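Survey of secondary and tertiary structure
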Amino acid sequence: MGLALADERALEQEVELPKAQVFYSQYEYVVGYYGVETFVEAQRSPGHTQRFGYPLTVYVSDYSSTDIELDEAGQPTVDRQPAWHDAEDAWYVYGSDAVAPGGETVVPFSERDDAEAFADAHDGTVLTWEALLEAEFEADEATAVRDRVDDQHRDADQRVEAAATLRDRPVSTVVGEDTDTVQAAIDEAPANTTVLVPDGTYEERLEIDRPLTLAGEGDVTIDGGGNGTVITSTAEGTAIVDLEVVGSGSERLGTGDLPGDDEAAGEWDETFEGNYAGGDAGIGLHTAPGSMVEDVTVDSSASGIILRRSGDSVVRNVTVHSPENPEDGHAGILSFRSPLVVEGSTVSDGRDAIYTHRSHDSVVRDNRIEGNRLGIHLMHTSDTLLADNRLSNQSNTGIFIMTGPERNAVVDNEIRNVDDFALFPSGSSSYVAGNVLANSQVGLRVDATDTLYERNVIADNEIGAQTRAMLPTNQVVANDFVDNDVHAEAGTGPLRIWSDGTGNYWQGVTTLAGERGPGGIVDRAYSPTAPVDQRLHRVDGTPTLSRAPGLEALSGLQGTVPGMRTGSIVDLAPTCEPNNPELLEGTEWEDRAWSCDRATALHDSP
């Protein structure tokens with residue numbers, strides 16, 4: 001806990017971050033935390049004790065046994081591996097210059113003199129364990145991700161507005177008037193001007209090496225003849241607008257040197273970058289930051305648009321068609337180390353519709369994605385917003401976020417008719433809200449940690465939500481589960497408690513209601529993984545069986561005692577009515593989402 005996989009891999013060999021390992025009363029595994037402060041914040045979170053029980057013993061890194069220094073970034077370096085020490089007997093330097101990749105960190109010592117010496121050298125205050133448990137930290141949690149969604153939209157608006165000025169460059173050359181070919185016009189045009197391409201089809205492969213705007217006028221097609229990338233730019237501030245691109249090569253993997261000015265990267269990244277971002281494309285932006293592709297149609301045999309080391313770029317109102325067989329193509333829009341905005345675009349029939357790799361701080365919004373293998377695929381990409389996208393008919397996964405990212409927001413998307421998973425977010429400290437996940441094998445895969453899932457509608461799936469996360473650190477609240485074959489499924493691991501004062505709406509649990517509790521909460525805990533509870537909305541007779549005194553007593557015990565339901569899910573406060581009626585209104589599930597009053601009347605009638 002407390003460190004993304006990518007950050008862990010990026011640490012220098014000499015860096016040794018403070019750690020804590022915790023033995024809990026109701027959790028069979030030892031839980032390790034990067035940063036003592038990470039544990040302090042975690043044990044304050046809602047429901048933490050219910051999920052894990054009480055910490056029986058906590059051990060922390062002991063820097064008294066090392067020659068600790070801080071590197072240029074402020075991260076602790078040591079000459080030997082720190083020993084472990086009982087947390088209650090240790091001394092902690094709080095508020096010093098020491099940092100971890102996520103921010104400030106607390107440095108523990110077994111000897112008070114060593115702690116005071118470190119505080120004198122690097123600032124900070126020496127605290128006891130009891131005082132540390134009361135200290136405040138600037139934690140970047142899922143709620144903070146939720147609170148900055150509006151800021152991310154505003155930032156994207158500003159990036160789009162800045163890119164729009166690239167359309168205002170004066171026309172310097174006109175193809176057919178000043179030159180015979182488009183490439184000749186590009187070669188003659190001064191920097192920061194526009195090359196205007198009149199109506200027609202131009203059988204050329206183009207290269208742009210200085211900031212220019214390439215603009216079509218009328219029905220303009222650039223045809224690359226099926227060999228290589230059709231338009232390649234290595235210039236900052238390139239704009240390609242108002243034209244169609246066809247005839248790319250079909251090589252999906254890169255060979256040889258990549259275009260543009262390379263900079264050093266790790267060996268693994270260089271190989272990965274060459275393979276993924278070095279293939280053929282309709283448009284390739286390589287080391288071309290601050291660029292824009294707008295009102296363009298790309299019909300590609302490999303990737304549609306590649307952005308490599310081209311951050312702060314904008315792709316908007318584009319249409320990308322890929323080979324109908326996803327295995328023949330690559331990515332519709334691919335960004336590699338390129339934070340960007342993708343909006344208002346349509347991507348169909350590809351392998352991955354939108355793929356990002358280490359493209360932190362991107363915004364992907366208001367797009368239509370259909371018939372691909374994967375819809376939106378984030379790899380090693382954090383602090384990104386996926387909002388208001390409509391995805392359908394993907395053959396594998398709608399939105400797939402993987403390889404340990406942090407602080408991503410997935411909000412207000414609609415994902416339907418996916419063969420495997422509608423939404424599969426991994427990583428940590430993310431925010432998933434307001435999505436409609438429907439008509440798929442699995443609506444939601446709960447695989448991340450320290451993530452907030454709220455206000456989603458999960459409907460008409462074979463399995464509504466499937467959790468495999470071994471650490472029960474997520475908040476799953478105020479969601480609506482309607483008309484799924486099975487509302488939720490849990491793998492091996494501890495009890496997952498999906499409520500925080502108010503729980504979720506589970507179609508069928510309303511049949512258990514006698515009187516509503518405060519705030520419209522059903523007066524009985526509900527477990528979507530229990531044999532009887534999970535069939536309440538599907539099989540006649542289960543409402544009566546569920547009221548059997550023995551099952552009522554067992555349910556009450558299991559719902560309140562940690563560890564009584566390992567490998568299962570319980571909602572201690574299920575709601576009587578849907579939490580998100582605005583998302584259900586006008587859908588095929590509106591009449592299936594009963595209130596307590598309606599459900600009781602239906603099931604108690606003769």
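Note that the coordinates shown come from a computational prediction; the quantities given were computed from them, not determined experimentally. (Residues numbered from 1 in each chain as written. Predicted model: local features only at pLDDT ≥ 70, side-chain atom pairs only at ≥ 80, totals over all residues. Heavy atoms only, no water.)

This part takes up the overall build of the protein chain. For the protein chain, the count of helices and strands is 13 helices and 47 strands. Across the 606 residues of the protein chain, 57% fall into the buried class. (Helix = DSSP H or I, 4+ residues; strand = E, 2+ residues; numbered from the N terminus. Buried < 20%, exposed > 50% of the residue type's maximum accessible area, 1.4 Å probe, protein only.)

What follows deals with the packing of aromatic side chains. Evaluated as defined, the whole model comprises twelve aromatic pairs. An angle of 10 degrees between the planes, with centres 4.1 Å apart, marks the rings of Phe-481 and Trp-506 as stacked. Residue Phe-481 is located in strand 43 (residues 480-482), and its partner Trp-506 is located in strand 46 (residues 505-506); the two are separated by 25 residues in the primary sequence. For the pair Phe-481 and Trp-506, one class covers both residues: buried. By way of ring pairs, the aromatic residues Tyr-33, Phe-39, Tyr-92 and Trp-129 are connected into one cluster. (Phe/Tyr/Trp six-rings, centres within 6.5 Å; stacked < 30°, edge-to-face > 60°.)

Every buried residue of helix 4 (residues 112-122) is listed here: Ala-115, Phe-118, Ala-119 and His-122. Seen from one end, helix 4 has its buried residues packed into an arc of 100 degrees, which puts them on one side. Pointing more than 90 degrees away from the buried face of helix 4 are the exposed residues Asp-113, Asp-120 and Ala-121. One or two positions beyond helix 4, positive phi appears at Asp-123, with a value near 65 degrees. (Arc of directions from axis to C-beta.)

On to the sheet that holds strand 10 (residues 107-109). The strands making up a sheet are joined through hydrogen bonds of the backbone, oriented either antiparallel or parallel. Pairing is antiparallel across the open sheet formed by three strands, whose spatial order is 10-7-11. In this open sheet, the two edge strands, each paired with only one partner strand, are strand 10 and strand 11 (125-127). With strand direction ignored, the average angle separating the axes of adjacent strands in the sheet is 30 degrees. Across the sheet, helix 4 touches strand 7 (91-94), strand 10 and strand 11, and the angle it forms with strand 7 is around 10 degrees. (Pairing = 2+ DSSP bridges. Axes fitted to C-alpha atoms, helices over the stretch in contact; angles between N-to-C directions. Contact = heavy atoms within 4.5 Å.)

Attention shifts here to the pattern of salt bridges. Following the criterion strictly, the structure yields 24 salt bridges and no others. For Arg-146, the salt bridge is made with Asp-147, and the minimal N-O distance between the two is 3.7 Å. Of the charged contacts in the structure, one is a salt bridge between Arg-210 and Asp-209, with a shortest N-O distance of 2.8 Å. For Asp-209, a relative accessible area of 54% puts it in the exposed group. Via salt bridges that share partners, Asp-157, Arg-167, Asp-242, Glu-294, Asp-295, Arg-316, Glu-343 and Arg-365 belong to a single interconnected network. (Salt bridge = Lys/Arg side-chain N within 4 Å of Asp/Glu carboxyl O.)

Read these as spatial facts, not as claims about activity.
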